[in-house]
Amino acid sequence: MTFKVEKKDFEKEYQEKGSYHNDLSGFKKFFFETNYKLLVKGIKENDKVLDVACGEGELSKYLPTKDIIGIDNSETAIKLAIENKAVGQYLVMDMQDLKFEENSFDVVTCSLSLFYFTKENIDKVLQEIRRVLKPNGRFVFSYKNLEHPKILKTKPQGFFDL
């Protein structure tokens, strides 16, 4: 399986470093906690959530629902999610080829990961997310900088407003 991530080899990073979150402190801990709390705002207890690029499943600690599927392209990250008993089901999967039926999820989340894709790849990722969202479903994501040229240039018409 070939994943076209722009900057990082996440499998290698997870193999070398393990969990990103177990030893966070100071500003980094504050940043991640704030990011997760903002991402889950408005998600309801009965929502079915797909967390794309879930890493080791850290977001599940903040979600009010237990109906969570997390996907990541790193087998090691998914193993960490399972070992750490993250809430939900965790699968190795490519964001550009989601193995779910249309209209499957109330919410899709993506924390700090979209900027790793090229324009061509991010278009496919966004199309797949739109496909698996239920009508009136929500795509909630965080991005390092919303003024980034990739976000401004790749906004699909009628999909979301920044």
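Calculation notes
Residues numbered from 1 in each chain as written. Predicted model: local features only at pLDDT ≥ 70, side-chain atom pairs only at ≥ 80, totals over all residues. Heavy atoms only, no water. Helix = DSSP H or I, 4+ residues; strand = E, 2+ residues; numbered from the N terminus. Buried < 20%, exposed > 50% of the residue type's maximum accessible area, 1.4 Å probe, protein only. Contact = heavy atoms within 4.5 Å. Pairing = 2+ DSSP bridges. Right-handed = clockwise from strand over helix to strand, strands pointing away.

Draft legend 1. Unusual backbone geometry, seen in detail. Phi at Leu-112 takes a positive value of approximately 50 degrees, unusual for a residue other than glycine. Structurally, Leu-112 is set in the loop between strand E4 (105-111) and helix H4 (119-132). The class for Leu-112 is buried, based on a relative accessible area of 13%. A positive phi angle, near 65 degrees, is found at Asn-136, a position not held by glycine. Along the polypeptide, Asn-136 turns up in strand E5 (residues 133-142).

Draft legend 2. Geometry of the environment of Leu-39. By the element assignment, Leu-39 lies in helix H2 (residues 26-40). Note: C-alpha distance between Leu-39 and Phe-141 (102 residues apart in sequence) is 6.6 Å. Sequence-distant contacts of Leu-39, that is, excluding residues within four places in its chain, are made with Leu-59, Cys-110, Ser-111, Val-140, Phe-141 and Ser-142.

Draft legend 3. A look at the pairing of strand E2 (residues 68-72). Of all 5 residues that make up E2, 5 are buried, and the element is covered over most of its length. Here 4 bridges tie strand E1 (residues 49-52) to E2, and the two strands are oriented parallel to one another. The residue bridging Leu-50 from the neighbouring strand is Ile-69, located in E2. Summarising the sheet, E2 and strand E3 (residues 89-92) pair through 4 bridges and their orientation is parallel. Residue pairing for E3: Asp-72 is matched across the bridge by Val-92. Read as a crossover between parallel neighbours, the route from E2 over helix H3 (residues 75-83) to E3 is right-handed.

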